[in-house]
Structure formats: C-alpha cells, structure tokens
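# Coordinate inspection notes
This is what each chain is made of:
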Amino acid sequence: MHARLDHVGVNVRDLPAQLAWYKTAFGLKTVFEFRLDGPGLTGVVLEHPHGWRLELLARPGSAPGLRAPDPMTAVLTEGYGHFAVTTPELAPVYAALTAHGAGEVLAPGPSPEPGVRMAWVKDPEGNLIELIERGELGEDGELAEAEERGTTVNP
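Description of the structure in this document. The model shown is predicted, which means the values in this text are computed figures rather than measured ones. (Residues numbered from 1 in each chain as written. Predicted model: local features only at pLDDT ≥ 70, side-chain atom pairs only at ≥ 80, totals over all residues. Heavy atoms only, no water.)

## What to know about the sheet that holds strand β6 (residues 103–110)
Spatial strand order, β5-β8-β7-β6: four strands in an open sheet with mixed pairing. Each edge of the open sheet carries a strand with a single partner, namely β5 (83–86) and β6. Strand-to-strand, the axes of this sheet are offset by a mean angle of 15 degrees, without reference to chain direction. In the packing of helix α3 (residues 90–99) onto the sheet, the strands contacted are β6, β7 (117–122) and β8 (128–133), and the crossing angle to β6 comes to about 175 degrees. (Pairing = 2+ DSSP bridges. Helix = DSSP H or I, 4+ residues; strand = E, 2+ residues; numbered from the N terminus. Axes fitted to C-alpha atoms, helices over the stretch in contact; angles between N-to-C directions. Contact = heavy atoms within 4.5 Å.)

As structure tokens, this is what we get:
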C-alpha cells in the first residue's frame, strides 16, 4: 500500500483566534475554507511550505475534550493526543512558538528515540504539539538524513 499522511484535524473553540495563531506561529497559509450549513461546521485547511497540512474545525455547541497538560497524561486517554512536526533546529522553534503564545510543556531535551531531540508545547486552547529535531531538512521539506538511515520521513 502506498499511503501518506495528508493532514491532521484539530477541533477548536475559537476558529478565528486559532487560525491567526497557527498562521503566525508556524507560517501556515490558507489552502481553502469551507462551511457545512446543516451541522454548522466551519473549517480551514492550512499548509506549511514543506507540504504538511493542518485542518482547523469549529462547530457551535462543541465542548472541551482531552486537554492533557503533558504527553504522559494524554496517553491515559485513548484517541487523539497530539500532532508532531519536525525541525532541523529545535531550540529556536520552541522559543518562537512560546513567544507567540504557545504554552510551555516540556523544554527541548533528548527523545526516547536515539539521536533525536524533542520538546512539547500547547496551542492557546491547550492542544499538545510535539516538536522533533532529527537533522537537516532539504529544500523539498524531507529530512536529508532519512535516506542515509534507510527511512522515509514525510512531515
């Protein structure tokens, strides 16, 4: 089977505020916006210059769900827990996100995966985001070291 992750959907309470935050914090651009009048669902698909996508969804009457304060608490509940992005330089990305209002969860440090560093933040509504430093990103957004390790990475 040839399949690749297309996007991650995040249900939000305040779509305009979250849209502004993700665009500013991650440099995402709007691909398209939509509305399903029947259920009153509004959504926006955003894309990073390296091709990964994030879909923000909002519906009147929604209620807060999992808002774990950290990754270890998140895994006590089954289902969606976080999404992760890869960066060649962890510390400046972590600093930039927290400067843009991301909540600090776990400062940059070693990952359980050998040779990898990680950090955790949460968006303004409390959704967990993992930041991963594996190596240098090529112009196409792929990790240059992935081929050397014999793995493929599609952030």
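## Some details on the layout of surface pockets
Approximately 330 Å³ is the volume found for the largest pocket. N11, V12, A63, G65 and R67 are the residues nearest the centre of the largest pocket, which is lined by 17 residues in total. When contributions to the lining of the largest pocket are tallied by element, the ones reaching two or more residues are β1 (7–11) and β4 (53–58). Broken down by element, the residue count for the lining of the largest pocket peaks at three residues, all from β1. Class assignment of the residues belonging to the lining of the largest pocket gives a composition of nine nonpolar, five polar and three charged. (1 Å grid on protein atoms, 1.4 Å probe; cavity = no way out; pocket = protein on both sides within 12 Å on 5 of 7 lines; lining within 4 Å. Points joined across faces, edges and corners; volume = space filled by probe spheres on them. Nonpolar A, V, L, I, M, F, W, Y, C, P; charged D, E, K, R; others polar.)

## Topic: helix α1 (residues 15–26)
Relative to the 16 Å expected for twelve residues at 1.5 Å per residue, α1 spans 16 Å between its end C-alpha atoms, a close match to the ideal helical length. Where α1 is buried, its residues contact β2 (29–36), β3 (41–47), β4, β5, α3 and β8. Capping the start of α1, D14 holds a side-chain oxygen 3.2 Å from the backbone nitrogen of A17, two or three residues further along. Where α1 terminates, the next one or two residues include G27, which has phi positive at roughly 70 degrees. (Expected span 1.5 Å × (residues − 1). Polar contact = N/O pair within 3.5 Å; in protein donor to acceptor, adjacent residues only side chain to side chain.)

## Topic: the pairing of β3
Most of β3 sits inside the fold, with five of its seven residues counted as buried. Between β2 and β3, which follow one another and run antiparallel, lie four residues, and G40 among them has a positive phi close to 75 degrees. Sheet topology note: the β3/β4 ladder contains six bridges and is antiparallel. Within β4, the residue paired with L46 across the bridge is L54. The antiparallel hairpin formed by β3 and β4 contains five residues in its connecting segment, where G51 sits at a positive phi of about 100 degrees. (Buried < 20%, exposed > 50% of the residue type's maximum accessible area, 1.4 Å probe, protein only.)

## Here we look at the pattern of salt bridges
Close approach of charged atoms allows side chains of opposite charge to pair. Within this structure, the stated rule accounts for five salt bridges. The residue R35 makes a salt bridge to D37 at a minimum N-O spacing of 3.1 Å. Among the residues examined, D37 registers a relative accessible area of 61% and is labelled exposed. One salt bridge in this structure joins R134 and E113, with 2.8 Å as the shortest N-O distance. Residue R134 is found in the loop between β8 and α4 (144–149), and its partner E113 is found in the loop between β6 and β7; the two are separated by 21 residues along the sequence. (Salt bridge = Lys/Arg side-chain N within 4 Å of Asp/Glu carboxyl O.)

This is a description of form; function is not addressed.
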